[in-house]
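For reference, the chains in residue letters:
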Amino acid sequence: MKNYLFFLIGMLALVSCTNESDEPRPNPTGGEDLYLATHGFMGHPEMIYNLDGDTIYQCAEDGRILELLSEGSDWYASIANQDGSYSVVKDGTTVCTTQETIWCMAVENGIVYTVQENTADNTVWVHKDFERLYELDRNVNFNTICVSNGIVSFTVSASKPYTWINGRTVEFGGLNSAPEEGFGHTFGCDRSGYDVLITYESYQVGGKYMYWWNGKNYDLPQTFIPSASRLVNGHAFILGAERTTLSPGGAHYVPAVFIDGMKTVLNDEYDFKATQVVADGMDTYVLVNDVGGNFRRSRIYKNLQRMILPENITIPEDIIEYYEMIFYDSKTISLDNLGITAIAVVKNGR
């Protein structure tokens with residue numbers, strides 16, 4: 001009952017949201033579909049849905065979807081299983097299960113790259129199609145992986161700027177060589193041809209948030225907290241949250257995105273952040289989540305305009321009575337309220 005009480009408190013916060021039924025629901029065109037991974041809750045497993053609310057994939061009990069990626073008509077997900085193992089799923093079929101922790105994943109030309117930690121021998125490896133390829137030093141920022149034309153790269157956490165490329169640590173040109181300008185935590189590392197975008201916190205204690213793009217280094221505003229970044233059609237997208245007010249209870253944040261250095265605040269709802277961007281041709285989709293992660297209130301923006309998501313997700317019979325106290329005898333729930341943890345565009349998904 002205690003768990004249900006916490007669930008109800010989170011749901012009550014959702015009821016107070018503004019009615020936005022007059023907002024458009026733009027969909028992908030040309031046979032593409034947007035797949036949405038949801039976080040689940042007691043009695044409801046983590047799932048992948050499409051924009052019609054159809055179930056694409058259902059996790060086993062207590063399984064967690066860590067990442068959702070796509071390439072063409074194929075989709076991939078990394079899963080943390082209840083027994084402590086990790087799996088990679090392709091188009092609904094498990095293609096790998098391992099006892100090693102999967103930290104991140106990338107896909108290029110149908111090849112799956114994963115970063116896996118082996119706790120038995122305390123090593124971290126890049127895997128290519130689930131075979132060990134390169135061992136990583138512990139100072140490599142292996143929370144993000146960049147794969148471009150078969151070249152695997154990461155940033156290196158050090159007082160001077162270094163990157164790790166295909167097994168070698170190399171000096172990174174273009175950053176100030178002063179100690180405060182080395183890479184600390186990295187939020188995103190992406191490459192497209194000669195174009196490189198790296199969003200990071202500088203190495204010094206309490207370092208600045210910065211990004212490096214097209215051979216230049218830029219400061220981010222002190223009020224902006226980055227969460228991810230990606231190159232999209234030659235444009236630099238940096239996602240995160242903008243601090244708007246300070247109160248006795250602390251700061252409040254609204255979701256924001258920098259595109260080529262220009263900031264856009266997506267909405268003025270408190271305590272949301274932009275966390276992921278995917279592209280379908282020239283269209284972009286930005287995922288927005290609750291800053292605190294509690295019940296993961298979610299929004300999706302197509303070309304910076306909010307989408308209306310399916311509202312016909314069936315509530316499991318064994319917990320429907322708890323929903324009825326909040327949603328007035330409704331037997332369904334919207335994907336906004338289920339909470340979305342990742343998105344991916346899948347060609348010919350419908």
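Provided above is the structure to which this section pertains.
Note that this is a predicted model, so its numbers are computed, not measured. (Residues numbered from 1 in each chain as written. Predicted model: local features only at pLDDT ≥ 70, side-chain atom pairs only at ≥ 80, totals over all residues. Heavy atoms only, no water.)

Trainee: In this structure, what is going on with the overall build of the protein? I would like to understand it.
Mentor: Broken down by element type, the protein carries three helices and 30 strands. Burial analysis of the protein (350 residues in total) assigns 51% to the buried set. Considering only intrachain contacts with a sequence separation of at least 6, the fraction spanning at least 24 residues in the protein is 43%. By element, 48% of the accessible surface of the protein is carried by carbon and sulfur atoms, the whole surface being about 16200 Å². (Helix = DSSP H or I, 4+ residues; strand = E, 2+ residues; numbered from the N terminus. Buried < 20%, exposed > 50% of the residue type's maximum accessible area, 1.4 Å probe, protein only. Contact = heavy atoms within 4.5 Å. Areas by Shrake-Rupley, 256 points an atom, 1.4 Å probe, with all protein chains shown as cover.)

Trainee: When you look at unusual backbone geometry in this model, what are you seeing that I'm missing?
Mentor: Here Asp 129, not a glycine, exhibits a phi torsion of approximately 50 degrees, which is positive. For Asp 129, the location among the structural elements is in the loop between strand 10 (123-128) and strand 11 (131-136). A relative accessible area of 38% means that Asp 129 is categorised as partly exposed. Non-glycine residue Phe 130 carries a positive phi angle of around 70 degrees. Examined against the element boundaries, Phe 130 turns out to sit in the loop between strand 10 and strand 11. A relative accessible area of 21% means that Phe 130 is categorised as partly exposed.

Trainee: Mind showing me how you'd approach the side chain of Asn 267 here?
Mentor: Within the fold, Asn 267 resides in the loop between strand 23 (262-265) and strand 24 (272-280). A polar atom in the side chain of Asn 267 sits 2.9 Å from the backbone nitrogen of Glu 269. Within the local environment of Asn 267, its side chain forms a polar contact with the side chain of Tyr 301, the two groups lying 2.5 Å apart. Setting aside residues up to four positions removed in sequence, Asn 267 forms contacts with Val 254, Pro 255, Arg 299 and Tyr 301. (Polar contact = N/O pair within 3.5 Å; in protein donor to acceptor, adjacent residues only side chain to side chain.)

Trainee: What should I look at first to understand the packing of aromatic side chains in this one?
Mentor: Any pair of aromatic rings gets described here by the distance separating the centres and the angle formed by the planes. With the rule as written, the count across this model stands at eleven aromatic pairs. For the pair Tyr 211 and Tyr 218, a centre-to-centre distance of 4.9 Å together with 20 degrees between the ring planes defines the contact as stacked. Connected via pairs of aromatic rings, a cluster forms that spans Phe 172, Phe 183, Tyr 200 and Trp 212. (Phe/Tyr/Trp six-rings, centres within 6.5 Å; stacked < 30°, edge-to-face > 60°.)

Trainee: Just to check I follow, could you spell out the sheet that holds strand 24 for this structure?
Mentor: Consider a sheet: its strands pair through backbone hydrogen bonds, and that pairing is either parallel or antiparallel. Taking strand neighbours across the sheet as the criterion, the four strands line up as 24-25-26-27 in an open arrangement whose pairing is antiparallel. Bordering the open sheet on either side are strand 24 and strand 27 (305-306), each of which pairs with just one other strand. In the sheet, strand 24 pairs with strand 25 (residues 283-290) via eight bridges, with the strands oriented antiparallel. Counted as the bridge partner of Ala 274 is Val 288 from strand 25. (Pairing = 2+ DSSP bridges.)

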